[in-house]
Amino acid sequence: MIKVRDLYFSYGRDKNYAVSGVSFEVEKGEILGFLGPNGAGKSTMQKILTGLLPVQQGEVTVAGHDMRRPGRDLFNKIGVSFEIANNYHKLSGLENLAFFASMYEVPTADPMALLRMVGLEDAATRRAGAYSKGMSQRLVFARSMLNRPTIWFLDEPTSGQDPAMTQRVKEIVLEERERGVTVFLTTHNMQVAEDICDRVAFINEGKIVDLDTPRNLKLRYGEQFVIVEYRDAGQLKKQIFSMGADKDRAALAALVGERPVETIHSQEATLEEVFIKVTGRALRG
Amino acid sequence: MFRRLLSLTQRDLRLITRNYYLAIVVILALLYALVTRFLIPADLSPQPAVVLLDSTGAQAMRQLYERAGGGNVIVAGSADEYDRHLEAANRIGIKVTGSVMPERIEVTYQGWETEKTRRLLEASLQGQVAALTGAMGTAFPVFQRTVLRPGQVAEQPPFNLALVPIFIFSEAVLMGIFLAGALLIAEKEDRTNRAYQVTPAGTAEYLVARSLAMGVLALVFTVLLNLLTTGLAGNWAMILLLVFAGAVVTTIFTLIYAAVFMNLSQFLAGSILAIFVLSLPAGSYFMPAFSPVWMRVLPSYPIIFGLREAYFPSGNPGLVTTALGQLGITALVLVPLAMWALGKQLRGGEA
């Protein structure tokens, strides 16, 4: 559904690339997470894929449309949720959705049903300018579903949401994936990526440094640990063993045979730890 | 396409209303109406100089004017001198004839004076003559009116109403610059332009809808001000057509040049220059002799003169059709530029 080949983009049209030599593909019904710190090139990538920035060098195809000349029909097929809420402040939530629904040439979802889906039904007639940050973000998220897109671009969809709403957003994304929707998720929230993405791409300084399933990335770069709690002379003690080291594995076996073990927890590296290991940069900042 | 256009126009009208643009326009129309009706005098005509030729034996009128010491009275010594003085366009002649006392008074006008001005002058003159003849016990002289260039100059509208086309031009037409620009910059600042750009709707529909909305706003102002000042006078259909077309063209023009501004304060500063340039033809409105070529090529020039003709017909309807034609040509030139600039602006100026 999305094909990117050897893509370069520079805002100054010089050698200072915001996106540099990026290639990847996203299959139908797949959720691809695009992960990276601020300024890594995530938003630039999404803008190119949604036609907000031109293709300068390389090839980009979205839903069969060459993004050098995508044509307006592409926008009947894609949905875009922006990181920074961009609603008409003087229109109500319902008016915002009704207006954008009327822009499409395909059957659209019922605006009120979408508002209900994201918990905004009670604020439907309130002006969007009076919404909180989280509500505004949910309105943008709902707007991106108006045309029932087959390719869905989500930029930080859980930004400003409480845990319950974050969970709801993740559920909606997974439901859409079940419907066959392809999702391109841009985020620096590793937990969200880990929970819902089929594959994730690590982007740093405009380049994809790795792309795989979260599990494979963690297996490849992360270290598995086992944390054991045991009694020693009546005192509760805790010890961590690396599963990658022969010495630790032998020590664990010895401990289990010699001491009364109370708990054993396996612990794998988080995506964030893997990201830091791969790029040398933290995700936030 | 039509559904989208309707939705876009509806959106713009809602934004216009909820941003208080409509309220501002209504208040402005009421203020202009008040100023026009109650603060600006109907007649501001400068007093013309009077050329007096008194060929009576007693020279009573001449003595009367000389005693009055009016600075704008020229006393002619002969008929030739009298005729020579009347060659100047801002002079009115009073020729008094009679053997001893005035028996015949001929008032000669240039042709540009309003009927009201003429009647006021004649009434004043009759008063003076009546006082003179009454005192001398002679008969009231015969009055005669001569117009040197009849019909050459149209009847001038009252001064206050003559300003209405200028008010309409400056508010109904030029307001498109501020309001259309403000809406566009707001969309840039709150990034709704990007949300629009990722829908199948295009720049053409956006341009048409924004122009329609601004046209409607200009019509609201025009209708209100007209009803409260000139009433049903003038050619309403032509007035409304010109105002609408003018508002559309200035909106298109604004959408082009607003491309270079990233925020509202920059845009407002730039708009002052645009409005200054577009307002220059208002000078020609008051001094028709001052119409240099560079001023006539400004799109605002034909609007101003077309509006004057539509409000106060002088028998030259070509001025209105010329104005509409020039606006049409201007629009044809500006629309492709606007499409390009708007496409760039809707993408946030990053392309």
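Computed from a prediction, not measured in an experiment: that's the story for all the values here.

So, about the overall build of chain A. Counting secondary structure elements, chain A contains ten helices and 13 strands. Principal axes of the C-alpha set define a box for chain A whose edges measure 75 × 50 × 30 Å. Looking at chain A as a whole, 51% of its 285 residues are labelled buried. Once local pairs closer than 6 in sequence are excluded, the contacts in chain A between residues at least 24 apart make up 65%. Taken as a whole, chain A presents about 12,700 Å² of accessible surface, with 47% of it coming from carbon and sulfur. Of note, chain A has its 37 positive side-chain charges centred 4 Å away from the centre of its 37 negative side-chain charges.

This part takes up the overall build of chain B. Each helix and strand counted, chain B has 16 helices and five strands in total. Relative to the globule expectation of 20 Å for 351 residues, the C-alpha radius of gyration of chain B, 28 Å, shows a markedly less compact shape. Each of the three principal axes of chain B carries a C-alpha extent, and together these read 95 × 35 × 35 Å. Looking at chain B as a whole, 48% of its 351 residues qualify as buried. In chain B, the share of contacts with a sequence separation of at least 24, taken over all contacts with a separation of at least 6, comes to 74%. Across chain B, the 25 positively charged side chains and the 21 negatively charged ones have centroids separated by 11 Å.

What follows concerns unusual backbone geometry. The backbone phi angle of Arg13(A) is positive, close to 50°, even though this residue is not glycine. When you line up the elements, Arg13(A) lands in the loop between β1 (2-9) and β2 (19-26).

Here the focus is the confidence of the model for chain B. Mean pLDDT over chain B works out to 83, with 91% of the residues at or above the 70 mark. Element-level pLDDT for chain B is lowest in helix α5 (residues 115-136) of chain B, with a mean of 78, against a maximum mean of 92 in helix α10 (residues 203-228) of chain B.

All names here are of chain B. Pairing is mixed across the open sheet formed by five strands, whose spatial order is β2-β1-β3-β4-β5. Strands at the two margins of the open sheet, each flanked by one partner only, are β2 (73-75) and β5 (142-147). Averaged over neighbouring strand pairs, the angle between their axes works out to 20° when direction is ignored. Pairing analysis gives five bridges linking strand β3 (residues 91-97) to strand β4 (residues 104-109), with the strands arranged antiparallel.

Positionally, Asn226(B) belongs in helix α10. With sequence-adjacent residues up to four places away left out, Asn226(B) is seen in contact with Val164(B), Ile168(B), Gly231(B), Trp236(B), Ile239(B) and Tyr311(B).

Residues and elements named next belong to chain A. The sheet built from three strands is open, its strands ordered β12-β11-β13 with antiparallel pairing. A strand with exactly one partner marks an edge of an open sheet, and here the two such strands are β12 (235-242) and β13 (261-267). The average angle at which neighbouring strand axes cross in this sheet is 20°, direction not considered. Both strand β11 (residues 225-232) and β12 contribute to a ladder of eight bridges, which runs antiparallel. In the strand pairing of β12, Val 226 is matched with Phe 241.

Taken together, the contact between chain B and chain A spans 25 residues of the former and 30 residues of the latter. If you look at where chain B meets chain A, you find three salt bridges. At the junction of chain B with chain A, the criterion picks out eleven residue pairs in polar contact (both at pLDDT 80 or more). Listing elements by their share of the side of chain B that touches chain A, those giving two or more residues are α1 (2-18) and α9 (192-197) of chain B. Per-element accounting of the side of chain B that touches chain A gives the leading share, eight residues, to α1(B).

On to the pairing of strand β3 (residues 31-35) of chain A, then. Residues and elements named next belong to chain A. Within β3, five of the five residues are buried, which leaves it mostly tucked inside the rest of the structure. Residues Ile 31, Gly 33 and Leu 35 of β3 are buried on one face, and the alternating residues Leu 32 and Phe 34, pointing to the opposite face, are buried as well. Both β3 and strand β8 (residues 182-187) contribute to a ladder of five bridges, which runs parallel. Bridging across to β8, Phe 34 finds its partner in Thr 186. With four bridges connecting them, β3 and strand β9 (residues 199-204) associate as parallel partners. In the sheet register, Phe 34 faces β9, and the bridge partner there is Ala 201.

Residue and element names in this part refer to chain B. For the structure shown, the criterion picks out 23 salt bridges over all chains. Note that Arg 145 and Glu 122 form a salt bridge whose closest N and O atoms lie 2.9 Å from each other. With Arg 145 in strand β5 and Glu 122 in helix α5, this residue pair connects regions lying 23 residues apart in the sequence. On the basis of relative accessible area, Arg 145 is assigned to the partly exposed category, the value being 34%. Residue Glu 122 is classed as buried on the basis of its relative accessible area, which comes to 15%. Residues participating in the shared-partner salt-bridge network are Arg 11, Asp 12, Glu 187 and Arg 210.

Another aspect to go through is the packing of aromatic side chains. Residues and elements named next belong to chain A. In the structure shown here, the tally under the stated rule is 20 aromatic pairs over all chains. Summarising the aromatic geometry, the rings of Phe 34 and Phe 184 are spaced 4.9 Å apart at their centres and angled 40° between planes, so their arrangement reads as tilted. Within this pair, whereas Phe 34 is found in strand β3, its partner Phe 184 is found in strand β8, the two being separated by 150 residues in sequence. Accessibility expressed as a relative area gives 0% for Phe 34, which makes it buried.

Thresholds, definitions, all that
Residues numbered from 1 in each chain as written. Chains lettered and ligands numbered in written order. Predicted model: local features only at pLDDT ≥ 70, side-chain atom pairs only at ≥ 80, totals over all residues. Heavy atoms only, no water. Helix = DSSP H or I, 4+ residues; strand = E, 2+ residues; numbered from the N terminus. Buried < 20%, exposed > 50% of the residue type's maximum accessible area, 1.4 Å probe, protein only. Contact = heavy atoms within 4.5 Å. Areas by Shrake-Rupley, 256 points an atom, 1.4 Å probe, with all protein chains shown as cover. Lys, Arg positive; Asp, Glu negative; His and termini not counted. Charge placed at Lys NZ, Arg CZ, Asp CG, Glu CD. Rg over C-alpha atoms; globule rule 2.2 N^0.38 Å. pLDDT = per-residue confidence, 0-100. Pairing = 2+ DSSP bridges. Axes fitted to C-alpha atoms, helices over the stretch in contact; angles between N-to-C directions. Salt bridge = Lys/Arg side-chain N within 4 Å of Asp/Glu carboxyl O. Polar contact = N/O pair within 3.5 Å; in protein donor to acceptor, adjacent residues only side chain to side chain. Phe/Tyr/Trp six-rings, centres within 6.5 Å; stacked < 30°, edge-to-face > 60°.

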